[in-house]
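Breakdown of the fold
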Amino acid sequence: MTNHLGDMMFSKYILVVGANPAVNHPVSMVHILRAKEKGAKLVCIDPRFTKTAAKCDEFHRIRSGTDIAFAYGLLNHIITKKLYNEEYLKDRVYGYEEIIKEAQKFSPEVAADVCGIPADEIRHIAEEMAAAKPACLIWNQGLTQHTVGTSNTRIMPILQMFLGNIGKNGGGVNILRGHDNVQGASDMNNLADSLPGYYGLGEPAWRHFCKHWGVEYDWMLSRFKDKAMMEKTGFAHSTWKFGVLDEENAANNAGTKLRALVVIGSGMTTVSLLSLQKQAMDKLDLVVFVDPYVNDLAIYSDRSDNLFMLPAASQMETSGSVAATNRSYQWRSKVMEPLFECRPDEEFLFGLADRLGFLKEYQWRLYDVAKSKGREQFIWPDDATTELTQSIRSIGLQGMSPERLKAHQENWHLFDKVTLEGSGPFKGEYYALPWPCWSEKHPGTPVMYNDEIPVMRGGMGFRVNWGTTSPDGQSMLTPRTLPNAKYDGGHAPITAANIESLGIHLSEEEKQKVAGSTFALGIGNNILVEKALEAGLCPYGNGKARAVVWNWYDKIPLHREPLHSVRGDLVDKYPNFPDKKDHFRANIKYRSRQKELGENKNWVDEFPINMLSGRLVAHMGTGAETRSAKYLAEVESEMFVEIHPDKAAELNIKNGDMVWVYGTMDTRILVPAKISTRVDYNSIWLPQNFSGLEQGKSRLDYYPEGTKPYVIGEAANMISSYGFDYNSACPETKCGLCRIEKVQKG
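Presented here is a report on the structure given in the accompanying data block. (Residues numbered from 1 in each chain as written. Predicted model: local features only at pLDDT ≥ 70, side-chain atom pairs only at ≥ 80, totals over all residues. Heavy atoms only, no water.)

1. Notes on the sheet that holds strand 22 (residues 713–714)
Pairing is mixed in the open sheet, where 3 strands are placed in the order 21-20-22. Strand pairing shows two members of the sheet lacking a second neighbour, strand 21 (697–698) and strand 22, which therefore form its edges. Pairing between strand 20 (residues 692–694) and strand 22: 2 bridges, direction parallel. If you follow Gly692 over to strand 22, its bridge partner there is Gly713. (Pairing = 2+ DSSP bridges. Helix = DSSP H or I, 4+ residues; strand = E, 2+ residues; numbered from the N terminus.)

Here it is in C-alpha cells:
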C-alpha cells in the first residue's frame, strides 16, 4: 500500500478494482466514504454488484480474469488523447514505451469484447480518472487470485504512473489487507521464497542473518541437505499438496515426498482444491494444527492417528507489534492471560526449536539484545521486536523500536487522523512509523515514492533494486533530485564502496565499522543509513520504476485467458502460460490444463457457468471463529449460491431450492439457491467462509467435544478450479467454471 487510509481524503477519484471493502474491510470503507463526502468520485469495477458498488457513484461489471485487458483499454484512450503525464514517465519510469505498444492493440472496442465493459464506458472512466488530480486506485484479492495475478498487480501501478499518481497525496495504489497483521506476515516473509524482509534466499542474505543471529554460516548450511536446497524456494501454501500426491514432485524436493504438515494460524479451506488437500493430509506421517479454534482443514481428515490440534492463545492473550495495511507497526497490549491450556505462539516455536536441536542458536540473539539493555533475561516480545527491527534493513524497520511503538500506542490521540502527523512530543513523526522508518530520528513514510519532500519528511524516489543500468543499456537512475539532497539526480543504493562518491565523508573509524556493508546488509550499526539521511539521500537509492521486468516470462503485463475461461473462443487468441516445472517445488500445468479436453473442445462446453467467490461481512476467513460465535452465526447462518433470475428460470430453480454445483475437479457441493441480480446471467457467486460439509455429507462429528461451531456449510474451495499465479503460485479462486443441477425431490 503506497499511501494510507486517511490519505484518501485528498483523493478526487477512487477506482476500486477487485475489492469489496464494505464487506471485507469495513474500517477502510469508512475512510472511503469520508472521501466521498468530501467530493471524491467512487467507481467500482467488479464482476458482481457488491455492497461497495451500492455505495459508489458508478458500477461497471467486468468479466473476471480480464483486468489487464480493461487496463490496456483505459491506457489506449489515455495515450490516444494524450492524457498521460509524459514528464513523469520520462523521468521516473523505465520501459513505458513497451506499454504504449501493447496498449495500441487494445482499442476500447477490443478491450470491451474481452472484459465486458462497453467501449464508451471505458473511454468515460479513462477521461474522468485522468482529469482527477489526484486519483486513487484500490484493489484486493479479486485482482491477485488469478494465474495472471502478479501481472494484474503490475498493470495497475503502471496505469497510475501514466497518470502521475504514484507518490502523490490522495493517489497511489492501495492494497487493502484482509485482516490484522497480514502485512506483518508478508514483511516477516511467512512465505516459501524469501527470508524475513524480502531478502531472498541467496548466500548474501543467509550470511546477513547468520551474522546478525550470531551463528556460523556453515552451521546454518549444515541444517540443509545441500547449498542448493538452502537457496531453493519451498512449497507454497497452495502447492504443498502436490508434494504429497504427485510422485514426480519428489525430484523437486531433494528426492522425497513431503511427510509432515504444521499449520500455525492459517485458514486452509480458503485455499483452492480442498479435496486434494484432504487427500494429501491423510497420506502424511504427521499433521499438526496450532490455532485458537479448530482449523477447518482438520475436520476433513479421516486419519485416526498422528493428527494433533494444539490450542494457541488469541490476540487478546498476547502482546507485540502488528503491521497494519499501510505498513505501520502498532503495539498491541495483552488484555488477559491465556485461558485453560492455550499457549502463546512463541512457546510452540521454542518447543519445536528445542526438539529439533537449535533452541540455543534460536535464542542467542535475544539474550544479546537483553544484555544491551542491562538485563540477563530477554523479555518477549519486546526484545524480539528489537531483534527483528535491527536485522530487517531492506525495508527500513530500524526506527521501529518497541519503545517508540508503545509511545505511539499510548498517545494515539496526539496524531492527526488524516495526515498521521504527530503533535506535542511527537511532532514530526507519523503514527505507527509506516516503513521505511530508517532510524530512530526518521518519522516514517506515510506516502511512498513522494520525491517532492525531503527524505527526513518521508520523501524518496523509486528503489534501485535491479542495478543502475538495464540490460538494453538504459540508465535506471532518475534525473530528479530529492529536496535538500546534497547529491544531484538519482543514485545507487548506499554502500560502503560508493558512499563517499555521493559526497558523504566518513572518518577512518566509520570506514572500518562499515567495511563491506550496504544499507541493507549492515550489522551492528546504522552508520551508512544515518549518513545518507543527513545528506538528504534515500538509503535504497533514487531510481526509476520498471514497467518492463526483464527477468520474468511476461516482461510486460499481457492479457491471458483464465485456464477455465467462460470465453472459450478467446483461449487460442490469448493463451495462458506454458506449463511450469518446479514452481514452488511442484510441476504446475497452465496451457496444457487450458487445452486438456482437446484442441476442439473447451472447458466451457461441459461447465458453462463462470464461478466467483468472496467473503461475507459477518464472517472472517474460513469462519472458524465467527461461525462459533452465536450472534455472528445467526447473522449469516447458511451457505448459499447466488444465481441470476434468468439462469435460475432456465434451470427451473426457485429461491431456496437445493442445488448441486459441480466443479472442474470431479467434486461438487450441495447448497441452497439464492436468486439475485448481483451476478450476471452466466455467473454464480459463493461465499468462502463456510466448511463442515463435504459434498453433501456433514463432518460435524469430526470436531472434538465442545468445539462444534453453530453453523456449518459446504466449502466453496471444494469446487474451485485448478490454477495458480505464474510467479507467486497464489491460487486462482476468483474465476473458474461450474455446472449447476437442481436436486430432484423424491
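Next comes the rest of the account.
2. Looking at empty space enclosed by the protein
Under the definition given, this model contains 4 cavities of 30 Å³ or more. Put simply, the largest cavity is a space of about 330 Å³. Mapped by element, the contributors of at least two residues to the lining of the largest cavity are strand 2 (41–46), helix 9 (141–144) and strand 15 (609–614). Examining the composition of the lining of the largest cavity, we find that 3 residues originate from one element, strand 15, more than from any other. (1 Å grid on protein atoms, 1.4 Å probe; cavity = no way out; pocket = protein on both sides within 12 Å on 5 of 7 lines; lining within 4 Å. Points joined across faces, edges and corners; volume = space filled by probe spheres on them.)

3. Re the packing of aromatic side chains
Aromatic ring pairs: the centre-centre distance and the angle between the two ring planes describe each pair. Summed over the entire model, instances satisfying the criterion amount to 27 aromatic pairs. Ring centres of Tyr199 and Phe209 lie 5.1 Å apart, and the angle between their planes is 80 degrees; this geometry places the pair in the edge-to-face category. Within this pair, whereas Tyr199 is found in the loop between helix 11 (182–187) and helix 12 (203–213), its partner Phe209 is found in helix 12, the two being separated by 10 residues in sequence. Across this residue pair, the class does not change: Tyr199 and Phe209 are buried. Each residue in the set Phe350, Tyr362, Tyr367, Phe378 and Trp380 is aromatic and connected to the rest through ring pairs, giving one cluster. Stacked on the ring of Tyr726, the Lys or Arg Lys580 has its end atom at 4.5 Å from the ring centre. Cation over ring: Arg699 sits above Tyr702, and NZ or CZ is 3.7 Å from the ring centre. (Phe/Tyr/Trp six-rings, centres within 6.5 Å; stacked < 30°, edge-to-face > 60°. Buried < 20%, exposed > 50% of the residue type's maximum accessible area, 1.4 Å probe, protein only. Lys NZ or Arg CZ within 6 Å of the ring centre and 35° of its normal.)

4. Points about unusual backbone geometry
Cis geometry marks the peptide bond from Lys133 to Pro134, where omega comes out at 10 degrees. Structurally, Pro134 can be placed in the loop between helix 8 (119–131) and strand 5 (135–139). For the peptide bond that leads from Trp380 to Pro381, omega is 5 degrees, which places it in the cis range. Mapped onto the secondary structure, Pro381 falls in the loop between helix 18 (359–372) and helix 19 (382–391). A positive phi angle, close to 55 degrees, is found at Asn189, a residue other than glycine. By secondary structure assignment, the location of Asn189 is in the loop between helix 11 and helix 12. Its identity as a non-glycine residue notwithstanding, Asp582 has a phi of 55 degrees, on the positive side. Relative to the helices and strands, Asp582 is located in strand 13 (residues 580–583). Judged by its relative accessible area of 33%, Asp582 is partly exposed.

Without other data, these values stay purely geometric and don't point to any function.
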